[in-house]
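Chain residues, written in single-letter form:
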Amino acid sequence: MNIQQSIENIRKEIPENVTLIAVSKTKPNEDLMQAYDCGQRVFGENKAQEMKQKHVDLPKDILWHFIGHLQENKIKYIIDYVTMIHSIDSLKLLKEVNKHAVKVNRIVDCLFEIDINNEESKFGLSENEVRDILNSEEFKELNNVRICGVMGIGSITDDREITREEFKNLKNIFTSLKNDFFEDKPYFKEISMGMTHDYDIAIQEGATLIRIGSKIFGARDYTKVG
Ligand SMILES: *Cc1c(COP(=O)(O)O)cnc(C)c1O
């Protein structure tokens, strides 16, 4: 199946309130342009320099979502154009993003990455860690970042009930943070969850942003990238 057909098929499946992020990491510009030519404008990347190069090369109405682990020394490659950073996993990183955002005079939308999966995972915060950040005095001084919601990555498993529980958990964390910290903040509305193998469950459990790569662009070949 080609890229355009895949996008059309996914679009038929997803409700209007869910945004499809086409995850184009490792893929060449020609592939992104095929998606672009059938109207796709929202793309996701997980490497800052790769995203920067694609931003430079491709049409400027593309909305770039950064979904990978973000190292502080790479913030400079994304800060002046990124639409949303999904992977805030410490107060330190959030402060650093804020500092760069001040320099370019932007308010940058961010999500907290929550560790929802039952596997050993390197990144992501617990709900309590997020609460500690939101309660801190330092957080209140960060005027150039805006927290718009949460992001999570489900376990790699064939047991769809495990995945469903993880997504339910993320939705519950979103709701409790919304109630306690963001009740009067309409921009706190995003739940980023669901990839190629589990986006159908994610939508059922309340995802607003789904991140789909291989189902659109085909399997990734990591032997070709540096
Ligand atoms: C690569 C990636 C995706 C997309 O994965 P697919 O299984 O190819 O759909 C989604 N989210 C994150 C964080 C990723 O790194």
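You'll find the structure just up there.
This is a predicted model, so every value here is computed, not measured.

What counts as what
- Counting restarts for each chain: residues are numbered from 1 in the order of the written sequence.
- Totals for whole chains, interfaces and linings use all residues, but because this is a predicted model, local features are given only for residues with pLDDT of at least 70 and pairs of side-chain atoms are given and counted only at 80 or more.
- Calculated side-chain values reflect all of the structure's heavy atoms, with hydrogen atoms and water omitted.
- Numbered from the N terminus, helices here are DSSP runs of H or I no shorter than four residues, and strands are runs of E no shorter than two.
- For the radius of gyration, the atom set is restricted to C-alpha positions; the globular benchmark scales as 2.2 Å times the number of residues to the power 0.38.
- Buried means the residue's accessible area, taken with a 1.4 Å probe over protein chains only, is under 20% of the maximum for its type, while exposed means over 50%, and partly exposed covers the values in between.
- The contact criterion used throughout is that any non-hydrogen atoms of two residues lie within 4.5 Å.
- Each accessible area value is a Shrake-Rupley result obtained with a 1.4 Å probe; residue values ignore everything except the protein chains displayed when judging cover.
- Just to be clear on terms, a salt bridge is a Lys or Arg side-chain nitrogen sitting within 4 Å of an Asp or Glu carboxyl oxygen.
- Only centres within 6.5 Å qualify two rings of Phe, Tyr or Trp (six-membered ring in Trp) as a pair; their planes then separate them into stacked at under 30 degrees, edge-to-face at over 60, and tilted for everything else.
- Nearness of a residue to a molecule or strand requires only that one of the residue's heavy atoms be within 4 Å of it.
- Within 3.5 Å is the distance limit for a polar contact, defined as a pair of N or O atoms, with the added protein rule that one can donate a hydrogen and the other accept it, and that residues adjacent in sequence qualify only through two side-chain atoms.
- Charged means Asp, Glu, Lys or Arg here, nonpolar means Ala, Val, Leu, Ile, Met, Phe, Trp, Tyr, Cys or Pro, and polar covers whatever is left, Gly included.
- Joining through side-chain atoms within 4.5 Å is the link that ties buried Ala, Val, Leu, Ile, Met, Phe, Trp, Tyr and Cys residues into a set, and such a set is a nonpolar core.
- Pairing between strands requires that DSSP locate at least two bridges from one strand to the other.
- If you view a crossover with the strands going away from you and the path from the first strand over the helix to the second runs clockwise, you call it right-handed.

Student: Which parts of the structure should I look at to understand the overall build of the chain?
Tutor: A tally of helices and strands in the chain yields nine helices and eight strands. The C-alpha radius of gyration computed for the chain amounts to 17 Å, which stays within 12% of the reference 17 Å derived for 226 residues, consistent with globular compactness. Along the three orthogonal principal directions, the C-alpha set of the chain runs to about 50 × 45 × 35 Å. Out of the 226 residues in the chain, the part that is buried amounts to 50%. In the chain, 60% of the contacts between residues at least 6 apart in sequence involve partners at least 24 apart. Carbon and sulfur atoms form 47% of the exposed surface of the chain, whose accessible area is close to 11100 Å².

Student: Got a minute to help me understand the pattern of salt bridges in this structure?
Tutor: A side chain with one charge can pair with a side chain of the opposite charge if their charged atoms come near. Per the counting criterion, the structure on display carries 17 salt bridges. Asp109 is the partner of Arg146 in a salt bridge, and the nearest nitrogen-oxygen pair spans 2.8 Å. Residue Arg146 is located in strand E6 (residues 145-152), and its partner Asp109 is located in strand E5 (residues 108-114); the two are separated by 37 residues in the primary sequence. Taking relative accessible area as the criterion, Arg146 reaches 31% and is therefore assigned partly exposed. Close ionic contact of Asp184 with Lys185 constitutes a salt bridge, the shortest N to O distance being 3.2 Å. The class of Asp184 is exposed, set by a relative accessible area of 58%. For Lys185, a relative accessible area of 27% translates into the label partly exposed. Beyond isolated ion pairs, a larger network of salt bridges with shared partners links Glu161, Arg164, Lys168 and Glu205.

Student: What should I look at first to understand the packing of aromatic side chains in this one?
Tutor: Here the distance between the centres and the angle between the planes together describe a pair of aromatic rings. Inspection of the entire model under this criterion finds four aromatic pairs. Between Phe174 and Phe188, the ring centres sit 5.0 Å apart and the planes meet at 10 degrees, which makes this aromatic pair stacked. In this pair, Phe174 sits in helix H7 (residues 160-181) while Phe188 sits in the loop between H7 and strand E7 (190-192), placing the two residues 14 residues apart along the sequence. Ring plane angle 55 degrees and centroid distance 6.5 Å describe the contact between Phe181 and Phe182, whose orientation is recorded as tilted. The exposure class assigned to Phe182 is buried, which follows from its relative accessible area of 5%.

Student: In this structure, what is going on with the site of the ligand? I would like to understand it.
Tutor: Near the ligand you find Val23, Lys25, Ile67, Ile153, Met195, Thr196, Arg211, Ile212, Gly213, Ser214 and Arg220, and these make up its full shell. A distance of 2.6 Å separates an oxygen atom of the ligand from a polar atom in the side chain of Lys25. One of the side-chain nitrogen or oxygen atoms of Arg211 is found 2.8 Å away from a nitrogen atom of the ligand. Relative to its free-state accessible area of 390 Å², the ligand is covered by the protein chains to the extent of 90%. Its residues assigned to classes, the shell around the ligand comprises five nonpolar, three polar and three charged.

Student: Please clarify how unusual backbone geometry should be interpreted in this entry.
Tutor: Glycine aside, a negative phi is what most residues show, and trans is what most peptide bonds show. Positive phi, close to 70 degrees, is recorded for Thr26, a residue that is not glycine. Locating Thr26 in the fold gives a position in the loop between strand E1 (19-23) and helix H2 (29-37). Although it is not a glycine, Asn105 adopts a positive phi angle of roughly 55 degrees. With respect to the element layout, Asn105 can be found in the loop between helix H4 (91-103) and E5. The exposure class assigned to Asn105 is exposed, which follows from its relative accessible area of 69%.

Student: What am I meant to see in the nonpolar core here?
Tutor: Here is a general trend for soluble globular proteins: nonpolar side chains tend to be buried in one another's company. Grouped together as the largest cluster of nonpolar side chains are 63 residues, with contacts concentrated most on Val97 and Phe112. Discounting residues that sit within four places of it in the chain, Phe112 has contacts with His86, Ile88, Leu94, Leu125, Val130, Ile133, Leu134, Ile147, Gly149, Val150 and Met151. Counting residues in hydrophobic clusters, the runner-up holds nine residues, among them Val23, Ile67, Leu111 and Leu209.

Student: What's the story with the environment of Phe182 in this structure? I'm lost.
Tutor: Locating Phe182 in the fold gives a position in the loop between H7 and E7. Through-space distance from the C-alpha of Phe182 to that of Ile147 is 9.2 Å; in sequence the pair is 35 residues apart. In this view, Phe182 contacts Leu134, Ile147, Leu177 and Phe188; residues no more than four positions away in its chain are not counted.

Student: Whenever I open this one, the pairing of E5 confuses me. Can you help?
Tutor: Moving residue by residue along a regular strand, the side chains alternate between the two faces of the sheet. Across the seven residues that make up E5, a large majority, seven, are buried. Bridging between strand E4 (residues 84-88) and E5 involves three bridges; their strand directions are parallel. Bridge pairing links Met84 to Asp109 in E5. This β-α-β element, E4 to H4 to E5, shows right-handed connectivity.

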